[in-house]
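Descriptive analysis of the structure
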Amino acid sequence: LIHESGEHLLNVVNDILDMSKIEAGKFTIVTEPFNVASLINSCCDIMRHSAEQKGLSLKVDIAPDIPELAADKRACKQMLLNVISNAIKFTEPGGWVKVATLVEGGDVVFEVSDNGIGIADQDLPRLGNPFVQANSSYNRSHEGAGLGLSVVKGLARLHGGTVELTSAVGEGTTVRIVLPLEAQSESGGTPLDTPAVSAA
(Lines give C-alpha, C1' and ligand atoms only; values in the text may rest on other atoms or scores of the structure.)
Protein backbone atom coordinates (compact mmCIF):
# COMPACT_ATOMS: atom_id res chain seq x y z
CA LEU A 1 0.00 0.00 0.00
CA ILE A 2 2.85 2.40 0.83
CA HIS A 3 4.49 1.64 -2.54
CA GLU A 4 1.23 2.12 -4.47
CA SER A 5 0.44 5.34 -2.62
CA GLY A 6 3.95 6.65 -3.31
CA GLU A 7 3.61 5.85 -7.02
CA HIS A 8 0.22 7.56 -7.13
CA LEU A 9 1.64 10.73 -5.53
CA LEU A 10 4.67 10.65 -7.86
CA ASN A 11 2.39 10.44 -10.90
CA VAL A 12 0.34 13.40 -9.66
CA VAL A 13 3.48 15.49 -9.04
CA ASN A 14 4.92 14.61 -12.48
CA ASP A 15 1.64 15.53 -14.17
CA ILE A 16 1.59 18.89 -12.35
CA LEU A 17 5.19 19.59 -13.38
CA ASP A 18 4.52 18.65 -17.00
CA MET A 19 1.34 20.74 -17.09
CA SER A 20 3.20 23.72 -15.64
CA LYS A 21 5.95 23.42 -18.26
CA ILE A 22 3.44 23.06 -21.10
CA GLU A 23 1.37 26.06 -20.02
CA ALA A 24 4.50 28.19 -19.55
CA GLY A 25 5.80 27.21 -22.98
CA LYS A 26 8.85 25.59 -21.40
CA PHE A 27 8.20 21.98 -22.49
CA THR A 28 10.54 21.39 -25.43
CA ILE A 29 9.76 18.54 -27.78
CA VAL A 30 12.58 16.75 -29.58
CA THR A 31 11.46 15.48 -32.98
CA GLU A 32 12.91 12.32 -34.51
CA PRO A 33 11.43 9.68 -36.85
CA PHE A 34 10.43 6.46 -35.07
CA ASN A 35 8.53 3.24 -35.71
CA VAL A 36 4.90 3.66 -34.65
CA ALA A 37 4.15 -0.07 -34.34
CA SER A 38 7.09 -0.56 -31.96
CA LEU A 39 5.87 2.30 -29.77
CA ILE A 40 2.31 0.92 -29.62
CA ASN A 41 3.54 -2.57 -28.75
CA SER A 42 5.90 -1.22 -26.09
CA CYS A 43 3.11 0.78 -24.41
CA CYS A 44 0.75 -2.19 -24.48
CA ASP A 45 3.43 -4.45 -22.99
CA ILE A 46 3.86 -1.97 -20.12
CA MET A 47 0.09 -1.78 -19.47
CA ARG A 48 -0.78 -5.44 -20.04
CA HIS A 49 -0.18 -6.46 -16.44
CA SER A 50 -2.55 -3.76 -15.16
CA ALA A 51 -5.18 -4.91 -17.65
CA GLU A 52 -4.79 -8.56 -16.71
CA GLN A 53 -5.00 -7.73 -13.00
CA LYS A 54 -8.48 -6.31 -13.68
CA GLY A 55 -9.47 -9.20 -15.94
CA LEU A 56 -9.50 -7.00 -19.05
CA SER A 57 -8.64 -7.93 -22.61
CA LEU A 58 -6.05 -5.56 -24.12
CA LYS A 59 -6.25 -5.63 -27.92
CA VAL A 60 -3.86 -4.11 -30.45
CA ASP A 61 -4.77 -3.15 -34.02
CA ILE A 62 -1.96 -1.61 -36.07
CA ALA A 63 -2.76 -0.70 -39.66
CA PRO A 64 -0.29 -2.18 -42.18
CA ASP A 65 2.35 0.06 -43.75
CA ILE A 66 2.18 2.77 -41.08
CA PRO A 67 5.02 5.15 -41.97
CA GLU A 68 7.53 6.43 -39.46
CA LEU A 69 6.25 9.35 -37.39
CA ALA A 70 8.47 12.42 -36.95
CA ALA A 71 7.62 13.47 -33.40
CA ASP A 72 8.87 13.41 -29.82
CA LYS A 73 8.88 9.70 -29.03
CA ARG A 74 8.96 10.18 -25.25
CA ALA A 75 6.00 12.56 -25.38
CA CYS A 76 4.04 10.18 -27.64
CA LYS A 77 4.73 7.33 -25.24
CA GLN A 78 3.55 9.46 -22.32
CA MET A 79 0.33 10.37 -24.15
CA LEU A 80 -0.43 6.76 -25.00
CA LEU A 81 0.35 5.44 -21.50
CA ASN A 82 -1.89 8.12 -19.96
CA VAL A 83 -4.83 7.32 -22.24
CA ILE A 84 -4.44 3.52 -21.97
CA SER A 85 -4.14 3.80 -18.19
CA ASN A 86 -7.38 5.82 -18.06
CA ALA A 87 -9.16 3.28 -20.26
CA ILE A 88 -8.09 0.45 -17.95
CA LYS A 89 -9.05 2.43 -14.83
CA PHE A 90 -12.57 3.15 -16.05
CA THR A 91 -13.37 -0.29 -17.52
CA GLU A 92 -14.98 -2.91 -15.34
CA PRO A 93 -13.55 -6.46 -14.97
CA GLY A 94 -14.34 -8.64 -17.97
CA GLY A 95 -14.27 -5.69 -20.37
CA TRP A 96 -11.83 -4.77 -23.11
CA VAL A 97 -9.48 -1.98 -24.12
CA LYS A 98 -8.35 -1.61 -27.74
CA VAL A 99 -5.32 0.36 -28.94
CA ALA A 100 -5.25 1.08 -32.67
CA THR A 101 -3.28 3.25 -35.04
CA LEU A 102 -3.99 4.33 -38.61
CA VAL A 103 -3.13 7.01 -41.14
CA GLU A 104 -5.71 9.62 -42.14
CA GLY A 105 -4.48 12.02 -44.80
CA GLY A 106 -1.26 13.53 -43.50
CA ASP A 107 -1.93 12.47 -39.91
CA VAL A 108 -1.21 9.47 -37.73
CA VAL A 109 -4.11 8.63 -35.43
CA PHE A 110 -3.64 6.81 -32.12
CA GLU A 111 -7.05 5.51 -31.04
CA VAL A 112 -7.73 4.04 -27.59
CA SER A 113 -11.26 2.70 -27.07
CA ASP A 114 -12.94 0.72 -24.29
CA ASN A 115 -16.33 -0.62 -23.24
CA GLY A 116 -16.06 0.94 -19.80
CA ILE A 117 -18.35 3.14 -17.72
CA GLY A 118 -18.31 6.02 -20.21
CA ILE A 119 -18.76 9.76 -19.73
CA ALA A 120 -21.96 11.82 -19.73
CA ASP A 121 -22.48 14.33 -22.56
CA GLN A 122 -22.45 17.30 -20.19
CA ASP A 123 -19.02 16.31 -18.84
CA LEU A 124 -17.26 15.83 -22.19
CA PRO A 125 -16.48 19.51 -22.96
CA ARG A 126 -14.84 20.03 -19.54
CA LEU A 127 -12.48 17.07 -19.67
CA GLY A 128 -8.93 17.99 -20.55
CA ASN A 129 -8.97 21.04 -18.30
CA PRO A 130 -6.47 20.67 -15.44
CA PHE A 131 -7.93 19.23 -12.22
CA VAL A 132 -11.31 18.45 -13.84
CA GLN A 133 -12.85 15.00 -13.70
CA ALA A 134 -16.27 13.88 -14.85
CA ASN A 135 -18.79 15.10 -12.29
CA SER A 136 -20.51 11.81 -11.56
CA SER A 137 -20.93 9.53 -8.60
CA TYR A 138 -18.69 6.86 -10.15
CA ASN A 139 -15.76 9.27 -9.70
CA ARG A 140 -15.37 8.46 -6.07
CA SER A 141 -14.31 4.88 -6.76
CA HIS A 142 -11.63 5.96 -9.28
CA GLU A 143 -8.65 7.91 -7.98
CA GLY A 144 -7.09 10.71 -9.97
CA ALA A 145 -6.36 14.42 -10.04
CA GLY A 146 -7.92 14.99 -13.45
CA LEU A 147 -4.55 15.94 -14.94
CA GLY A 148 -3.81 13.05 -17.30
CA LEU A 149 -5.98 14.15 -20.21
CA SER A 150 -4.88 17.80 -19.91
CA VAL A 151 -1.24 16.68 -20.22
CA VAL A 152 -2.15 14.55 -23.25
CA LYS A 153 -3.97 17.51 -24.83
CA GLY A 154 -1.01 19.82 -24.17
CA LEU A 155 1.56 17.40 -25.60
CA ALA A 156 -0.58 16.78 -28.71
CA ARG A 157 -0.91 20.50 -29.25
CA LEU A 158 2.85 20.98 -29.03
CA HIS A 159 3.03 18.67 -32.07
CA GLY A 160 0.36 20.63 -33.96
CA GLY A 161 -2.11 17.82 -33.22
CA THR A 162 -5.47 17.42 -31.50
CA VAL A 163 -7.25 15.15 -29.04
CA GLU A 164 -10.80 14.00 -29.81
CA LEU A 165 -13.05 12.37 -27.24
CA THR A 166 -16.31 10.50 -27.79
CA SER A 167 -18.21 8.59 -25.12
CA ALA A 168 -21.55 7.33 -23.89
CA VAL A 169 -22.46 6.38 -20.31
CA GLY A 170 -22.41 2.61 -19.90
CA GLU A 171 -21.08 2.02 -23.40
CA GLY A 172 -17.45 3.15 -23.30
CA THR A 173 -15.07 5.84 -24.47
CA THR A 174 -12.83 6.46 -27.47
CA VAL A 175 -9.88 8.86 -27.36
CA ARG A 176 -8.21 9.81 -30.65
CA ILE A 177 -4.79 11.47 -30.62
CA VAL A 178 -4.29 12.97 -34.08
CA LEU A 179 -0.71 14.01 -34.92
CA PRO A 180 0.72 15.29 -38.22
CA LEU A 181 3.27 12.93 -39.77
CA GLU A 182 5.71 15.83 -39.64
CA ALA A 183 5.32 17.48 -36.22
CA GLN A 184 4.60 21.21 -36.35
CA SER A 185 6.43 22.07 -33.16
CA GLU A 186 4.92 24.77 -30.96
CA SER A 187 7.59 24.29 -28.31
CA GLY A 188 9.34 27.61 -28.83
CA GLY A 189 8.14 29.24 -25.62
CA THR A 190 4.65 30.59 -26.26
CA PRO A 191 2.29 29.75 -23.39
CA LEU A 192 -0.63 27.57 -24.42
CA ASP A 193 -4.17 28.82 -24.35
CA THR A 194 -6.67 26.77 -22.44
CA PRO A 195 -8.41 23.72 -23.69
CA ALA A 196 -8.70 22.15 -27.06
CA VAL A 197 -10.05 18.73 -26.29
CA SER A 198 -12.95 18.35 -28.66
CA ALA A 199 -16.02 16.26 -27.92
CA ALA A 200 -16.43 14.90 -31.43
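The following paragraphs examine the structure supplied in this document.

About the cut-offs
Residues numbered from 1 in each chain as written. Predicted model: local features only at pLDDT ≥ 70, side-chain atom pairs only at ≥ 80, totals over all residues. Heavy atoms only, no water. Helix = DSSP H or I, 4+ residues; strand = E, 2+ residues; numbered from the N terminus. Buried < 20%, exposed > 50% of the residue type's maximum accessible area, 1.4 Å probe, protein only. Contact = heavy atoms within 4.5 Å. Core = buried A, V, L, I, M, F, W, Y, C linked by side-chain atoms within 4.5 Å. Expected span 1.5 Å × (residues − 1). Polar contact = N/O pair within 3.5 Å; in protein donor to acceptor, adjacent residues only side chain to side chain. Axes fitted to C-alpha atoms, helices over the stretch in contact; angles between N-to-C directions. Parallel < 35°, antiparallel > 145°, perpendicular 65-115°, else oblique. Left-handed = near helix turned anticlockwise from the far one by under 90°. Disulfide = S-S within 2.5 Å. Salt bridge = Lys/Arg side-chain N within 4 Å of Asp/Glu carboxyl O.

Looking at the overall build of the protein chain
Along the protein chain, the regular secondary structure elements total 4 helices and 8 strands. Ordered by position from N to C terminus, the α and β elements of the protein chain give α-β-α-β-β-α-β-β-α-β-β-β. Counting every position in the protein chain, which comprises 200 residues, the buried fraction comes to 44%. Look at the contacts in the protein chain between residues 6 or more apart in sequence, and 72% of them connect residues 24 or more apart.

Structural notes on the nonpolar core
Side chains of a nonpolar character, in soluble globular proteins, are inclined to be buried together. Ranked by internal contacts, the top residues of the largest apolar core, which has 43 residues, are Leu 69 and Phe 110. With 8 residues, the top contributor of residues to this core is helix H3 (residues 73–89). The residues touching Leu 69, leaving out its near neighbours within four places in the chain, are Glu 32, Pro 33, Phe 34, Val 36, Cys 76, Val 108, Phe 110, Leu 179, Pro 180 and Leu 181.

Comments concerning H3
With 17 residues, H3 extends 24 Å from end C-alpha to end C-alpha; this agrees with the ideal 24 Å at 1.5 Å per step. By the burial criterion, the buried members of H3 are Ala 75, Cys 76, Gln 78, Met 79, Leu 80, Asn 82, Val 83, Ile 84, Ala 87 and Ile 88. Between the side-chain oxygen at the start of H3 and the backbone nitrogen of Arg 74 there is a gap of 3.1 Å, and the oxygen is on Asp 72.

Points about the packing of H3 against helix H4 (residues 148–158)
It is at 9 Å that the axes of H3 and H4 come closest, and there the two elements cross at 150°. Regarding the angle of H3 to H4, the classification is roughly antiparallel. Handedness of the crossing formed by H3 with H4: left-handed. From H3, Ala 75, Gln 78, Met 79, Asn 82 and Val 83 reach across to H4, where they touch Gly 148, Val 151, Val 152, Leu 155 and Ala 156.

Regarding the side chain of Ser 167
In this structure, Ser 167 sits in strand E6 (residues 162–168). On the basis of relative accessibility, which here comes to 15%, the residue Ser 167 falls in the buried class. Engagement of the side chain of Ser 167 in a polar contact is seen with the backbone nitrogen of Ile 119, the distance being 2.8 Å. Of the polar contacts made by the side chain of Ser 167, one reaches the side chain of Thr 173; its length is 2.8 Å.

A word on H4
Turn by turn, an α-helix covers 3.6 residues, leaving residues three or four places apart pointing in a common direction. Burial within H4 is extensive, with 10 of its 11 residues counted as buried. Here H4 has its buried residues at Gly 148, Leu 149, Ser 150, Val 151, Val 152, Lys 153, Gly 154, Leu 155, Ala 156 and Leu 158. Positive phi shows up at Gly 160, right after H4, with a value of about 80°.

Description of the state of the cysteines
For the structure on display, the rule yields 0 disulfides. Unpaired in terms of disulfides, Cys 44 finds its nearest cysteine sulfur in Cys 43, a separation of 6.9 Å. For Cys 44, a relative accessible area of 1% corresponds to the buried category. With no disulfide of its own, Cys 76 has Cys 43 as its nearest cysteine by sulfur position, at a separation of 9.1 Å.

A word on the pattern of salt bridges
Under the definition given, this model contains 4 salt bridges. A salt bridge links Arg 176 to Glu 111; its shortest N-O distance comes to 3.2 Å. A residue pair is termed long-range when its members are at least 10 positions apart, and Arg 176 in strand E7 (residues 172–180) and Glu 111 in strand E5 (residues 107–114) qualify at 65 residues. Each of the salt bridges in this network shares a partner with another, and the network as a whole consists of Glu 104, Glu 111, Glu 164 and Arg 176.

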